[in-house]
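Residues per chain, in single letters:
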Amino acid sequence: PFFIASSILHGFLRDGFDMVHHPASLLSLGEWGWIQIATFVITGLLYIAFGVGLRGVLRSGIGSRFVSPLFIVLGLAMIAGGVFIPDPSLGFPPGTAAGVPEAMSWHAMLHGFAPIFGFLALVIALIILGRRFGKEGEKTWMWVTVAVALTTFVLSSLSSFTGNWETGEFNFLPLWVGVTLGYSYTSLIIYKLIKQV
């Protein structure tokens, strides 16, 4: 919820930013970019803390070996997404050309790969947790967790596959919804697991 609330509020306050046409990453640019960079890094640290905490909760059974490291990978990917900023593009910050740059800087490439690893780690972790919930007899949690994992994966991928790289015409709303769904559901899982301790 911290990442979502901070990014949406920041997006509304930045001149020229449009949530439909711009991903949250572009908020890292410009005079107030440090806010989004901090948002990425703090969120990453929170996910790492969650991953470390899971070791004490998932001591045995399905996911006991892999779920904790997967959330740590997600946290590291978020930190990388904050430290390595993207290039100006898609008309943001204001005055930037509308399309995508012909060549990407090294830090923009690292920024671009970080979310891919992060989202894959999140999706795999949720699917494993879904299996665990099913094994524990919690079928509703199992199906909802797997459904959220798959929906998050599809929504976060849509923008890249349906956009036009030459004109820079993208619809990032599915990405925003996918991120909101995946990160919010992770918070529900944290609440569920805390009650088991």
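Analysis parameters
Residues numbered from 1 in each chain as written. Predicted model: local features only at pLDDT ≥ 70, side-chain atom pairs only at ≥ 80, totals over all residues. Heavy atoms only, no water. Phe/Tyr/Trp six-rings, centres within 6.5 Å; stacked < 30°, edge-to-face > 60°. Helix = DSSP H or I, 4+ residues; strand = E, 2+ residues; numbered from the N terminus. Buried < 20%, exposed > 50% of the residue type's maximum accessible area, 1.4 Å probe, protein only. Axes fitted to C-alpha atoms, helices over the stretch in contact; angles between N-to-C directions. Parallel < 35°, antiparallel > 145°, perpendicular 65-115°, else oblique. Left-handed = near helix turned anticlockwise from the far one by under 90°. Contact = heavy atoms within 4.5 Å. Nonpolar A, V, L, I, M, F, W, Y, C, P; charged D, E, K, R; others polar. Salt bridge = Lys/Arg side-chain N within 4 Å of Asp/Glu carboxyl O.

**Student:** Please clarify how the packing of aromatic side chains should be interpreted in this entry.
**Tutor:** Here a ring pair, both rings aromatic, is described through the centre-centre distance and the interplanar angle of the planes. Summed over all chains, the structure comprises eleven aromatic pairs. Aromatic side chains W141 and Y185 sit 6.1 Å apart centroid to centroid with 45° between the ring planes, which places their arrangement in the tilted category. In this pair, W141 is assigned in helix α5 (residues 139-162) and Y185 in helix α6 (residues 173-196), connecting sequence segments 44 residues apart. The partly exposed category is assigned to W141, whose relative accessible area is 26%. Three or more aromatic residues link up through ring pairs in this structure, and these residues are F3, F40, Y47, F50, F71, F119 and Y183.

**Student:** Even after reading the chapter, I still don't get the packing of helix α3 (residues 67-83) against helix α4 (residues 106-135), so can you show me in this structure?
**Tutor:** If you want to describe how two helices pack, look at the angle between their axes and the distance between the axes. Remark: α3 packs on α4, axes separated minimally by 8 Å, with the N-to-C direction vectors making an angle of 155°. As summarised for this structure, α3 and α4 are arranged roughly antiparallel, according to the angle between their axes. Viewed along their axes, α3 and α4 form a crossing whose handedness is left-handed. Residue-level inspection shows V67, L70, F71, V73, L74, A77, A80 and G81 of α3 in contact with α4, the latter providing H111, A114, F117, G118, A121, L122, I124, A125, I128 and L129. Its residues placed into classes, the contact of α3 with α4 shows 15 nonpolar, three polar and no charged.

**Student:** Whenever I open this one, the side chain of T43 confuses me. Can you help?
**Tutor:** Within the element layout of this structure, T43 appears in helix α2 (residues 33-57). Owing to a relative accessible area of 5%, T43 belongs among the buried residues under this scheme.

**Student:** Just to check I follow, could you spell out the pattern of salt bridges for this structure?
**Tutor:** Where charged atoms from two side chains of opposite charge come close, those side chains can pair. Under the counting rule described, the total for this entry stands at two salt bridges. Across the salt bridge formed by K192 and E138, the nearest N and O atoms sit 2.7 Å from each other. In this pair, K192 is assigned in helix α6 and E138 in the loop between α4 and α5, connecting sequence segments 54 residues apart. For K192, a relative accessible area of 8% puts it in the buried group.

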